[in-house]
Amino acid sequence: MKIMIWSWCLVLCHTIQNFSEAQVPVINSHPSSSAAIFLDFDGHIVEGTSWNWKISPIVCAAAGLNAEQISQIFNRVSEDFRPFNINITTDISKFQAAPIDRRMRVIITPTSGWYENSTGGVAFVESFTSADDTPCFVFSSTLGYNLKKIAEAISHEAGHTLGLYHQSEYDENCNKISEYYKGRGVGEIGWAPIMGLGYNQNFTLWSNGPNSFGCASYQDDLSIISSGKNGFGYRGDDHGNEFEHATFVAILNNQIDLKGIIGENKDVDMFRFSIPKRSRFQLNAIPFNTGEANAGSNLDLEISLFTETGTLLNIYNPATLLNANIDTILKTGNYYLKVEGKGNRYVPAYASLGSYSLIGKIITGTHLLLPKIKLNGLQFGDIHQFNWNVDATEKFARQILQIAANGKDFIPLVETTIETRSYKYHTTITTDKKYRLKIISNEGEVYYSNTITLKSIKENARPKLLSNLIHSNDITVSSPGNYKYTLIDIKGKIIKSGLLNNGVNQISPGNLIKGWYLIRFSDNARKWTDKILRQ
């Protein structure tokens, strides 16, 4: 993606309807806004602009996308701009009705030969307010007609027109590593800045980091986009931020269906609801997305549950997911929910913004299931070690770890205090064993956890890399217990060593140059060595 230097020019624009290969759906993200970013998919002629210094006119073919593909791209771009009081639109009439210094046309086209550099798109910085309809371009063929890449490029180039430069990457000595910061992390929460290079990360956001002018030149994307110069600012707040201003939730047929927008990085949404009698309360908090694993989301959700007196009962924010779920037992009474955008291990909460849905239900009856009792187990030789989580908003009377050989005839292994969440013991039985946790409530109701099986120790019970191929300086290791690790470069130099804990471990050794590395794992008796390729 190329940043051009703005020069004043006259733009004469004509839409070429006969270039269209598919009927472009007419969609608006925020139709009441007067400011607009027009996504032009059906072909266009550009003449009389600084783009025409060599070729005039530039005849741009249609994007080469069908209606469903256009809708998916539109939805991704719309979510990037959801916090702002601006309309992302495919409706030419909305673009034409917007003030000339409050609009931008993004031409999505395979026609890129006129622009001699191979790139995904091109824009003039600050051209949104130039008042002469200078467009920017995204080249669909150069991007392989990949829908995510096209959407990322549209938001990136539109960001340039709003005054943004690239978010770049620097080392600890302020040497530029890359013009485009590729972000970090893996999976659903793997992050990159929109003004960097987000093609290969799921969670792409506006950012506050060093731009292309130097490591000390920090660019606050949100402040620049919402500035008075661009003239549209943020959307209005849709739900109150305080307990006393909470939105009352009308629960119809024991169902909850709500929507909201976290619009600024200090915004929270408060909701109030009532439980008429002891019930199981289930709620799914889902950020806007375009597919599996919350694809296209801009919001890492955290949900907090409070009593009517403001006492915090629990916080729900899975570490590796953008959505959050509540499944718990609530007594009769009034409750509050707080919804907010949070960061994760890869990115702060700065631009965790966007729209979401709350889908829930109230389950009543005499045979309520305790929402979540999760039992986990590990084995180390003759030691069986357990930990568990009990997600309940009320006290319970007893908890008993049970054992069985056949999965049916469970007997007590140990009864612990109600505060205990772990246990280990030396077993003398050589066959496989099944375990579950039994909970007895204050009312005498009995609930059970999942059942787990612990087998005899396996040689493959060892620390393992999430992947031997890494694209950042973070190494993810899954460990079945406490092990030592040593990271070594190809010359035999020790880069970092330490201890692994049970579970997923993140090793951050600092700046790794591209190439091969070795990582060694060990306990008191065994050693393993794996290779790592840093790309």
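What counts, and where the lines are drawn
- Residues numbered from 1 in each chain as written.
- Predicted model: local features only at pLDDT ≥ 70, side-chain atom pairs only at ≥ 80, totals over all residues.
- Heavy atoms only, no water.
- Pairing = 2+ DSSP bridges.
- Helix = DSSP H or I, 4+ residues; strand = E, 2+ residues; numbered from the N terminus.
- Buried < 20%, exposed > 50% of the residue type's maximum accessible area, 1.4 Å probe, protein only.
- Expected span 1.5 Å × (residues − 1).
- Polar contact = N/O pair within 3.5 Å; in protein donor to acceptor, adjacent residues only side chain to side chain.
- Salt bridge = Lys/Arg side-chain N within 4 Å of Asp/Glu carboxyl O.
- Core = buried A, V, L, I, M, F, W, Y, C linked by side-chain atoms within 4.5 Å.
- Contact = heavy atoms within 4.5 Å.
- Disulfide = S-S within 2.5 Å.
- Phe/Tyr/Trp six-rings, centres within 6.5 Å; stacked < 30°, edge-to-face > 60°.
- pLDDT = per-residue confidence, 0-100.

Participant: Lay out the sheet that holds strand E40 (residues 527-534) with the relevant residues and their values.
Facilitator: Spatially, E34-E40-E39-E36-E37 is the arrangement adopted by the five strands of the open sheet, whose pairing is mixed. Whereas interior strands pair on both sides, the edge strands pair on one side only; in this sheet they are strand E34 (469-470) and strand E37 (494-500). Pairing between strand E36 (residues 483-489) and strand E39 (residues 515-522): six bridges, direction antiparallel. Within E39, the residue paired with threonine 486 across the bridge is arginine 520.

Participant: An account of unusual backbone geometry is needed here, citing residue identities and associated values.
Facilitator: Cis geometry is adopted by the peptide bond preceding proline 57, which originates at serine 56 and carries an omega value of -5 degrees. Take proline 57: it is sitting in the loop between strand E4 (44-47) and strand E5 (58-60). With phi around 60 degrees, aspartate 133 is a residue other than glycine that occupies positive phi space. Mapped onto the elements of the fold, aspartate 133 is located in the loop between strand E8 (121-124) and strand E9 (136-139). The exposure class of aspartate 133 is buried, given its relative accessible area of 17%. Even without glycine at this site, asparagine 294 takes up a positive phi of about 55 degrees.

Participant: Which residues make up helix H1 (residues 67-80), and what values go with them?
Facilitator: When the terminal C-alpha atoms of H1 are compared, their 20 Å separation across 14 residues agrees well with the 20 Å that a helix rising 1.5 Å per residue should span. By the burial criterion, the buried members of H1 are Ile70, Ile73, Phe74, Arg76, Val77, Ser78, Glu79 and Asp80. The distance from a side-chain oxygen at the start of H1 to the backbone nitrogen of glutamate 68 is 3.1 Å, and the residue carrying that oxygen is asparagine 66.

Participant: How would you summarise the sheet that holds strand E20 (residues 301-307) if you had to cite specific residues and measurements?
Facilitator: Pairing is mixed in the open sheet, where five strands are placed in the order E16-E18-E23-E20-E21. The open sheet has two edge strands with one neighbour each: strand E16 (247-248) and strand E21 (312-316). Where E20 lies against E21, four bridges are found, and the strand directions are antiparallel. Bridging from a neighbouring strand, serine 304 pairs with isoleucine 315 of E21.

Participant: I'd like a rundown of the pattern of salt bridges, residues and numbers included.
Facilitator: Counted according to the given criterion, the structure contains 12 salt bridges. A salt bridge links aspartate 40 to arginine 105; the nearest nitrogen and oxygen atoms lie 2.5 Å apart. Taken together, the positions of aspartate 40 in strand E3 (residues 36-40) and arginine 105 in strand E7 (residues 103-109) put the pair 65 residues apart, joining distant regions of the chain. Grouping residues by exposure puts aspartate 40 and arginine 105 together as buried.

Participant: Tell me what's going on with the nonpolar core, and back it up with residues and numbers.
Facilitator: With 73 residues, the main nonpolar core has Leu39, Phe81 and Trp206 as its most contacted residues. When residues in this core are grouped by element, the largest group, six residues, is from helix H3 (residues 147-161). Dropping the residues within four chain positions of it, phenylalanine 81 is found in contact with Ile37, Ile86, Ile88, Ser155, Ala158, Leu162 and Trp206. Among the nonpolar cores identified, the runner-up in size contains 16 residues, and Ile373, Leu375, Tyr425 and Ile439 belong to it.

Participant: Give a description of the state of the cysteines that names residues and reports values.
Facilitator: On inspection of all chains with the given rule, the structure shows one disulfide. Shown here is the disulfide that connects cysteine 174 with cysteine 215, its sulfur atoms set 1.8 Å apart. Disulfide cysteine 174-cysteine 215: the torsion about the S-S bond is 75 degrees, which places it as right-handed. Taken together, the residues cysteine 174 in the loop between strand E10 (169-170) and strand E11 (176-178) and cysteine 215 in the loop between strand E14 (208-210) and strand E15 (218-220) connect sequence positions 41 residues apart. Since its relative accessible area comes to 42%, cysteine 174 is described here as partly exposed. For cysteine 215, a relative accessible area of 22% translates into the label partly exposed. Cysteine cysteine 136 shares no disulfide, and the gap to the nearest cysteine sulfur, in cysteine 60, comes to 11 Å.

Participant: Break down the pairing of strand E18 (residues 268-275) for me, citing the residues and quoting the values.
Facilitator: Sheet faces and side chains relate simply in a regular strand, where the side chains alternate between the two faces. Among the eight residues in E18, six count as buried, and that is most of the element. Note: E16 against E18, two bridges, orientation parallel. Pairing of threonine 247 across the sheet is with phenylalanine 271, part of E18. Taken together, the eight bridges between E18 and strand E23 (residues 333-341) define a ladder with antiparallel strand orientation. Across the sheet, the residue bridging to valine 268 is glutamate 340, located in E23.

Participant: Please set out the packing of aromatic side chains residue by residue, giving values where relevant.
Facilitator: Applying the stated criterion across every chain yields a total of 22 aromatic pairs. Ring plane angle 75 degrees and centroid distance 6.1 Å describe the contact between tryptophan 114 and phenylalanine 139, whose orientation is recorded as edge-to-face. Note that tryptophan 114 is positioned in the loop between E7 and E8 and phenylalanine 139 in strand E9, a separation of 25 residues in sequence. Owing to a relative accessible area of 12%, tryptophan 114 belongs among the buried residues under this scheme. Judged by centre distance (5.1 Å) and plane angle (85 degrees), the ring pair of phenylalanine 243 and phenylalanine 306 falls under edge-to-face. Of this pair, phenylalanine 243 sits in the loop between helix H4 (221-225) and E16 while phenylalanine 306 sits in strand E20, and the two are 63 residues apart along the sequence.

Participant: Report on the confidence of the model for the protein chain, specifying residues and quantitative values.
Facilitator: Mean pLDDT over the protein chain works out to 89, with 92% of the residues at or above the 70 mark. Across residues 5-20 the pLDDT falls below 50, and counting only partners more than four positions away or on other chains, this stretch makes 55 contacts in the model.

Participant: Describe the environment of tryptophan 114, listing the residues and the values that go with them.
Facilitator: Along the sequence, tryptophan 114 and serine 508 sit 394 residues apart, while their C-alpha atoms lie 44 Å from each other. If we ignore the near neighbours within four places in the chain, the residues touching tryptophan 114 are Trp51, Ile55, Ile58, Val122, Phe137 and Phe139. At a separation of 3.2 Å, a polar atom in the side chain of tryptophan 114 contacts the main-chain carbonyl oxygen of threonine 111.

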